[in-house]
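Coordinate analysis (summary)
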Amino acid sequence: MNPILPKLETYLRVDFHTHTHASPDSLLTPRKMIATARRVGLQRVVVSDHDTTRGALEAVALDPETIIVGQEIMTAEGELLAVFVREEVPPGLPALETIERLQAQEAFISVSHPFDPTRKGGWSLPALEAILPHIDAIETFNARCMRPVYNWRAERFAQQHGLAGTHGSDAHSAFELGRGSLWLPPFQDAASLRESIQQAVSPPLILSLPWVHLTSRYAVWVKSRRR
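What comes next concerns the included structure. The written sequence of each chain sets the order in which its residues are numbered from 1. Per-residue local features of the predicted model are confined to residues with pLDDT of at least 70, and side-chain atom pairs are confined, for both listing and counting, to 80 or more; whole-chain, interface and lining totals are unaffected and use all residues. Only hydrogens and water are removed before side-chain values are computed, so all heavy atoms of the structure are retained for them.

**Quick word on the packing of aromatic side chains**
In summary, the pairing rule links any two rings of Phe, Tyr or Trp, Trp by its six-membered ring, whose centres are within 6.5 Å, and it sorts them by plane angle into stacked for under 30 degrees, edge-to-face for over 60 and tilted for everything else. In the structure shown here, the tally under the stated rule is four aromatic pairs. With a centroid separation of 5.7 Å and 25° between ring planes, the pair formed by Phe175 and Trp211 is classed as stacked. With a gap of 36 residues between them, Phe175 in the loop between strand E7 (164-168) and strand E8 (182-184) and Trp211 in the loop between helix H6 (190-196) and helix H7 (213-226) connect regions that are remote in the sequence. Think of it in three bands: with a 1.4 Å probe and only protein chains considered, a residue is buried below 20% of the maximum accessible area for its type, exposed above 50%, and partly exposed in between. On the basis of relative accessible area, Trp211 is assigned to the partly exposed category, the value being 47%. For helices the rule is a DSSP run of H or I covering at least 4 residues; for strands it is a run of E covering at least 2, with both sets numbered from the N terminus onward.

**A short note on a nonpolar patch on the surface**
Exposure above 30% relative accessible area and the absence of a salt bridge qualify a residue for a patch, where like charges join within 9 Å and nonpolar side chains (Val, Leu, Ile, Met, Phe, Trp, Tyr) within 5 Å. Methods summary: accessible areas were calculated by the Shrake-Rupley approach with a probe of 1.4 Å, and residue burial reflects only the protein chains presented. Salt bridges are counted wherever a side-chain nitrogen of Lys or Arg sits within 4 Å of a carboxyl oxygen of Asp or Glu. A cluster of nonpolar residues, Phe175, Leu209, Trp211 and Leu214, forms a patch on the protein surface that exposes about 430 Å² of accessible area. Its location among the elements puts Leu214 in helix H7. With a relative accessible area of 52%, Leu214 lands in the exposed category.

**With respect to the packing of helix H1 (residues 30-40) against helix H2 (residues 54-62)**
Closest axis-to-axis distance for the H1/H2 pair is 9 Å, and the angle between their directions is 55°. If you check the angle between H1 and H2, you find them oblique. Where H1 crosses over H2, the two elements pack in a sense that is right-handed. Along the contact surface, H1 presents Pro30, Arg31 and Ile34, while H2 presents Gly55, Glu58, Ala59 and Leu62. Tallied by class, residues from the contact of H1 with H2 come to four nonpolar, one polar and two charged. Angles run from 0 to 180 degrees between N-to-C directions of axes, and those axes are lines fitted to C-alpha atoms, restricted for helices to the stretch in contact. If an angle is under 35 degrees, it is roughly parallel; if it is over 145, roughly antiparallel; if it lies from 65 to 115, roughly perpendicular; otherwise it is oblique. Two helices cross in a left-handed way if the nearer one is turned anticlockwise from the farther one by less than a right angle. They cross in a right-handed way if the turn is clockwise. Residue contacts follow a heavy-atom distance rule, with two residues in contact if any of their heavy atoms lie within 4.5 Å. Any residue outside Ala, Val, Leu, Ile, Met, Phe, Trp, Tyr, Cys, Pro, Asp, Glu, Lys and Arg is labelled polar, Gly included; the first ten of those are nonpolar and the last four are charged.

**Describing the nonpolar core**
Residues belong to one nonpolar core when they are buried, are Ala, Val, Leu, Ile, Met, Phe, Trp, Tyr or Cys, and are joined through side-chain atoms within 4.5 Å. Core analysis: the biggest nonpolar cluster contains 37 residues, and Leu102, Val111, Trp123, Ile131, Ile135 and Ile138 have the highest contact counts within it. Sequence-distant contacts of Val111, defined by excluding residues within four places in its chain, comprise Glu79, Leu80, Leu81, Trp123, Leu128, Ile131, Ile135, Ala137, Ile138 and Glu139. Listed in part, the 17 residues of the second largest apolar core include Ala137, Phe187, Ala190 and Ile197.

**A short note on H2**
In an α-helix, one turn spans 3.6 residues; hence positions three or four apart end up facing the same way. Within H2 the residues assigned to the buried category are Gly55, Ala56 and Ala59. Seen from one end, H2 has its buried residues packed into an arc of 95°, which puts them on one side. Check the buried side of H2 and you find it contacts H1, strand E2 (44-47) and strand E3 (67-74). Arc, as used here, means the arc of the directions from the helix axis to the C-beta atoms.

**Points about unusual backbone geometry**
We note that Phe84 has phi near 65°; this positive angle belongs to a residue other than glycine. By the secondary structure assignment, Phe84 is in the loop between strand E4 (79-83) and helix H3 (95-104). What makes Phe84 buried here is its relative accessible area of 18%. In this structure, Asp170 takes a positive phi of about 55° despite not being glycine. Among the secondary structure elements, Asp170 is positioned in the loop between E7 and E8.

**With respect to the sheet that holds strand E5 (residues 108-111)**
Two strands form a pair only when DSSP identifies at least two bridges running between them. Strands sit in the order E5-E4-E3-E2-E1-E8 across an open sheet of six strands; the sheet is mixed. Unpaired on one side and paired on the other, E5 and E8 mark the two borders of the sheet. Neighbour-to-neighbour, the strand axes of the sheet open up by a mean angle of 30°, direction not taken into account. Looking at chain direction, E2 and E3 are connected through three bridges and run parallel. The partner of Val45 across the bridge, within E3, is Ile67. Helix-sheet contacts for H1 involve strand E1 (12-18), E2 and E3, and the interaxial angle to E2 is about 145°. Helix-sheet contacts for H3 involve E3, E4 and E5, and the interaxial angle to E4 is about 5°.

**Thoughts on the pattern of salt bridges**
Enumeration over the complete set of coordinates arrives at eight salt bridges. One salt bridge in this structure joins Arg86 and Glu106, with 3.1 Å as the shortest N-O distance. Of the two residues, Arg86 is situated in the loop between E4 and H3 and Glu106 in the loop between H3 and E5; the sequence distance between them amounts to 20 residues. Of the residues examined, Arg86 reaches a relative accessible area of 63% and is grouped as exposed. Note that Arg119 and Asp170 form a salt bridge whose closest N and O atoms lie 2.9 Å from each other. Residue Arg119 is found in the loop between E5 and helix H4 (125-131), and its partner Asp170 is found in the loop between E7 and E8; the two are separated by 51 residues along the sequence. Side by side, Arg119 and Asp170 carry an identical accessibility label, which is buried. Via salt bridges that share partners, Asp116, Arg119 and Asp170 belong to a single interconnected network.

This is the structure we're talking about:
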């Protein structure tokens, strides 16, 4: 991250990793997400629901300036975090095939919480190293990581391999939004994001307390009762 603070009034505060009610473990509506994003000072929010773009499309229809369509995709080797997704990518494919599909639609590709062993979709080191030539970034801060060391390892890994870092709240509830974010110069698409993120500045970051994972379990329970 750039240690010299620019004039941040020209920058956009971006949360790269969020979930709506389209994810099985979230009850957050797009309308509530947008209202909260405005309240906490986020100018851009990447909606990255699990294996679907449905929630992101609902949200972008309500606020196309704030919302960016993304997707968190479970591959055969681990989870990817895609930004500026034009066409939904199915889960379960080999990682390189998933990446090829994302590259064909000119998406920006990051890797979700790569060193958090408590998460489903974690990466082995050989599998992660195999995709490095084909990705744009590593998620170097995820507010839902229960131990700071998981983010520190991701930050160190990204630096060692010359990769940009993305920050995300991984919000599944409204109160989590913005706990992980970056200040970036304005960008319009994946290509300009690749340039913009080189000048990223990190605001204060806030790890969520472990109990936030209970909100996801509650969402799963509520949805099971609705069936």
